[in-house]
Amino acid sequence: MKKLILTILILSTLAFDTQRENAFDTGEYFKFRIHYGIVNAGYATLEIKDATINNKKVHHAVGKGYTTGMSKFFFKVEDLYESYFDKETGNPYRFVRKIDEGGYTKNQEGFFNQNENRVLVKDYKRKTEKTIIVTESVQDIVSAFYFLRNHPNIDKLKSGESITIDMFFDDEITKFKLKYVGRQDITTKFGSVSTMVFKPLVQTGRVFKEKESLTLWITDDDNKVPIRIKADLAVGSLKADLDQYKGLKNPFKVKK
């Protein structure tokens, strides 16, 4: 009997340790203002809707990015990213990537078979399709954002520690590493906000100066809202600030 009680206690502890209340829900909406240097370059939006796949209710996240004003004439961007992912596990079922970035275009759709660790990628531009072997619990680029917001260890990280996940992007799997830097209060259009600061590790080369060129600030509350993103590019810098939000699952905390 003692061993049984001990086993139940251990399992209960593990269960609570690996689960946390969802940081988001259907109806959540973000709009970001994007600056390139001092220029207002465009906007990006991210929204969660409900959808049904194989008679199962799933999250449907829709991300859009576009340039505005003079930026549109110099470098037109019209991007659409979508992800359909499980409400409980966060694992993706389907992704959509339809982009136009200065004439560089892609039109793809991917269908995940999580039981067989495969993804069928349909390329509508090239009129091709192929099946790719993936790792267990792999994320697409959009579902990864929501998966990390719900990660059980995100509030437990110490400075210098990281979370690493497998991400499927451009027909291959990459190790996406999110390094925790520390906590910081920042000034936003909503007031002073307590944040957790992360550095997603990126590839150096044509776009980024170095591996830690990207910095992400998320609210230090139950929402884990991305409130600021800054990128030091090979040429200039890019900054995105949260401009509008609605449908948050938890109260948005602002310091007075």
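Since we're looking at a predicted model, the values are computed, not measured.

## Concerning the pairing of strand β2 (residues 39–53)
Pairing analysis gives eight bridges linking strand β1 (residues 29–36) to β2, with the strands arranged antiparallel. Along β2, the bridge assignment pairs Phe32 with Ala44. Linking β1 to β2, which pair antiparallel, is a turn of two residues; within it Gly37 sits at a positive phi near 65°. Note: β2 against strand β3 (residues 56–67), twelve bridges, orientation antiparallel. Note on β3: the bridge partner recorded for Asp50 is His59.

## Quick word on the pattern of salt bridges
Per the counting criterion, the structure on display carries 17 salt bridges. The partner of Asp171 in a salt bridge is Lys130, and the shortest N-O contact between them spans 3.2 Å. Residue Asp171 is located in the loop between β10 (162–169) and β11 (172–188), and its partner Lys130 is located in strand β8 (residues 128–133); the two are separated by 41 residues in the primary sequence. On the basis of relative accessible area, Lys130 is assigned to the partly exposed category, the value being 43%. Here the residues in one salt-bridge network are Arg33, Lys189 and Asp243, joined through shared partners.

## Focus: the side chain of Thr67
Within the secondary structure, Thr67 is located in strand β3. What makes Thr67 buried here is its relative accessible area of 12%. Side-chain polar atoms of Thr67 contact the backbone nitrogen of Val77, separated by 3.0 Å.

## A word on the environment of Gln139
Topologically, Gln139 is positioned in strand β9 (residues 139–140). Assessed through its relative accessible area of 0%, Gln139 is described here as buried. Residues Gln139 and Tyr93, 46 residues apart in the sequence, show an inter-C-alpha distance of 9.5 Å. With near-sequence residues (within four places) excluded, Gln139 lies in contact with Gly90, Asn91, Pro92, Ala144, Phe147, Ile165, Asp166, Met167 and Phe168. Looking at Gln139, its side chain comes within polar contact range of the side chain of Asn91, at 3.4 Å.

## A few points about helix α3 (residues 141–149)
Residues Val142, Ser143, Ala144, Tyr146, Leu148 and Arg149 constitute the buried set of α3. Regarding α3, its N-cap is Asp140, as a side-chain oxygen of that residue lies 2.9 Å from the backbone nitrogen of Val142 further along.

## So, the confidence of the model for the protein
This prediction gives the protein a mean pLDDT of 86; 86% of its residues lie at or above 70. Scored below 50 in pLDDT, residues 1–19 makes four contacts in the model with residues more than four places away or belonging to other chains.

## Topic: the pairing of strand β14 (residues 226–232)
With five bridges joining them, strand β13 (residues 214–219) and β14 adopt antiparallel strand pairing. Residue pairing across strands places Leu216 opposite Ile229, the latter belonging to β14. Between β13 and β14, which pair antiparallel one after the other, the connecting turn spans six residues, and Lys224 there sits at a positive phi close to 55°. Relative to strand β15 (residues 237–246), β14 runs antiparallel, the two sharing five bridges. Bridge pairing in β15 links Arg228 to Asp241.

## Re a nonpolar patch on the surface
A cluster of nonpolar residues, Tyr36, Ile38, Val39 and Leu238, forms a patch on the protein surface that exposes about 400 Å² of accessible area. Inspection of the secondary structure puts Val39 in strand β2. A residue is classified by how much of its surface remains accessible, and Val39, at 42% relative accessible area, is partly exposed.

## Details of the nonpolar core
Phe24, Phe30, Phe32, Tyr146, Ile227 and Leu242 are the most contacted members of the largest nonpolar core, which has 24 residues in total. For this core, the secondary structure elements donating two or more residues are β1, β2, β4 (77–85), α3, β12 (191–200) and β15. In this structure Phe24 touches Ile48, His59, Phe85, Tyr146, Arg149, Asn150 and Lys249, once residues within four positions along its chain are discounted. Counting residues in each nonpolar core, the second largest holds 13 residues, with Leu148, Ile163, Leu178 and Ile218 among its members.

The rules we used
- Residues numbered from 1 in each chain as written.
- Predicted model: local features only at pLDDT ≥ 70, side-chain atom pairs only at ≥ 80, totals over all residues.
- Heavy atoms only, no water.
- Pairing = 2+ DSSP bridges.
- Helix = DSSP H or I, 4+ residues; strand = E, 2+ residues; numbered from the N terminus.
- Salt bridge = Lys/Arg side-chain N within 4 Å of Asp/Glu carboxyl O.
- Buried < 20%, exposed > 50% of the residue type's maximum accessible area, 1.4 Å probe, protein only.
- Polar contact = N/O pair within 3.5 Å; in protein donor to acceptor, adjacent residues only side chain to side chain.
- Contact = heavy atoms within 4.5 Å.
- pLDDT = per-residue confidence, 0-100.
- Patch = residues over 30% accessible without salt bridge, like charges linked within 9 Å, V, L, I, M, F, W, Y side chains within 5 Å.
- Areas by Shrake-Rupley, 256 points an atom, 1.4 Å probe, with all protein chains shown as cover.
- Core = buried A, V, L, I, M, F, W, Y, C linked by side-chain atoms within 4.5 Å.

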